[in-house]
Amino acid sequence: MAQRLKTVLNEIAADLSDSHDWGKVADYIPELAAVPKEQFAIAVITKDGQCHSAGSAQVRFSAQSITKVFTLAIALGRSGDQLWQRVDREPSGDAFNSIVQLEQENGHPRNPFVNAGAIVTTDEVLAGRAPKDALAEILGFIRTAAEDDDIHINKSVAKSETEHGHRNFALAHFLASCGNLKNPPDMTLGTYFHHCAIELTVTQLAKAGRFLIGPGVGPKMVSPERVRRLNALMMTCGHYDGSGDFAYRVGLPAKSGVGGGILAIVPGQASIAVWSPGLDQNGNSKLGTEAMQRLAHAMNWSVF
Ligand code: DON
């Protein structure tokens, strides 16, 4: 399999580098708007720990919403099923930063991956602590999962998002008005913006996802039952309004971020990370999705 994987990854990277349409970088966070879009990287780590990559696999990118998988794992570890009294587990069929659905549903976010649900999840992780302590736990979790301490928060990205995060402030204050925020909005959002600003390479991200492959793979981070549930949420909600299309085209549980990264899991087999900063109309990496589709097809990887 190793040789086949290497060949397929190199072919995908070579083909996609010739693309005419790279999508559009996220422009509502100025630091991300400045990232050149014609970049591509992919890495796969198999259950036995072998790593294969192609493209710009040593370039760090902003993980953004992909960090929501890790904060969810931590929140469930801290407060168990209590989180589900504050957040639902249904696909939203709306944009990741939609405000209208939150009001219609009385401040109860659809799922932990849309921004409103992720803000509540971060609020649960914060739990009255200083933001720097919660961030140390989140960063520590990701570093342990990746078995790599060289993973950091990009403070300029966090600052850039804080200065332009009017929608997230609106969501947090609305959650607070409904009694669904335990900490002051500024503290929860400060923690949220900083964990979204964690940067890593595709190799580090694929490694960080290893614990989601299944029992006995990678560092033991959460129970096998919770691993299945995290994968279920990634499958149904991980690409927001594009989750159905991603399931149809790729057939794997995955989480995207507006930095252009995608983490996908082949249960029992492998963890895959891809990065290309240009996005599609749903805020998911355009060429990243294409690469995942080609890789899953070539390797015959699907949960279906
Ligand atoms: O809250 C935001 O808007 C960003 N920090 C994260 C959004 C994101 O990555 C959505 N994913 N496609």
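Coordinates for the structure precede this section.
A brief look at the structure comes next. (Residues numbered from 1 in each chain as written. Predicted model: local features only at pLDDT ≥ 70, side-chain atom pairs only at ≥ 80, totals over all residues. Heavy atoms only, no water.)

### Regarding empty space enclosed by the protein
Defined as follows: Only protein atoms enter the 1 Å grid used here. Points where a 1.4 Å probe fits but cannot escape make up a cavity, open sets with protein on both sides within 12 Å along at least five of seven lines make up a pocket, and a residue lines them when an atom lies within 4 Å of a point. Grid points are joined across faces, edges and corners, and a volume is the space filled by probe spheres set on the points. Think of it this way: any DSSP run of H or I at least four residues long counts as a helix, any run of E at least two long counts as a strand, and we number them from the N terminus. All residues other than Ala, Val, Leu, Ile, Met, Phe, Trp, Tyr, Cys, Pro, Asp, Glu, Lys and Arg, Gly among them, are scored as polar; the first ten of these are nonpolar and the last four charged.
Summed over all chains, the structure comprises three cavities of 30 Å³ or more. Of the voids in this model, the largest cavity is the one considered here, and its volume is about 100 Å³. Ser-98, Gln-101, Leu-102, Val-114 and Ala-116 are, among the 15 residues lining the largest cavity, the residues nearest its centre. The set of elements that each furnish at least two residues to the lining of the largest cavity consists of helix H4 (100-104) and helix H5 (115-126). Grouping the constituent residues of the lining of the largest cavity by class yields seven nonpolar, five polar and three charged. Of the pockets and cavities examined, the second largest cavity occupies roughly 40 Å³. If you go around the second largest cavity, the residues you meet are Tyr-28, Gln-64, Ser-65, Lys-68, Phe-96, Asn-115, Glu-161, Asn-168, Tyr-192, Cys-196 and Val-258. Taken together, the residues of the lining of the second largest cavity sort by class into five nonpolar, four polar and two charged.

### As for the sheet that holds strand E1 (residues 41-46)
Just so we agree on the cut-off: A pair of strands is considered paired only if DSSP assigns at least 2 bridges between the two. Axis definition: a line fit to C-alpha positions, over the contact stretch in the case of helices; interaxial angles, taken between N-to-C directions, run 0 to 180 degrees. A contact between two residues is defined here by any heavy atoms of the two lying within 4.5 Å.
The strand order E2-E1-E8-E7-E6 describes an open sheet built from five strands, whose pairing is antiparallel. Here the strands that pair on one side only, and so sit at the sheet edges, are strand E2 (51-55) and strand E6 (254-256). For this sheet, the mean inter-axis angle between neighbouring strands, taken without regard to orientation, is 10°. As judged from the six bridges shared by E1 and strand E8 (residues 270-275), these two strands associate in the antiparallel manner. Opposite Thr-46, over in E8, you have Ala-270 as the bridge partner. Here helix H1 (residues 2-17) sits on the sheet in contact with E1 and E2, set at roughly 20° to E2. Sitting on the sheet, helix H13 (residues 286-299) is in contact with E1, strand E7 (261-266) and E8, with an inclination near 145° to E8.

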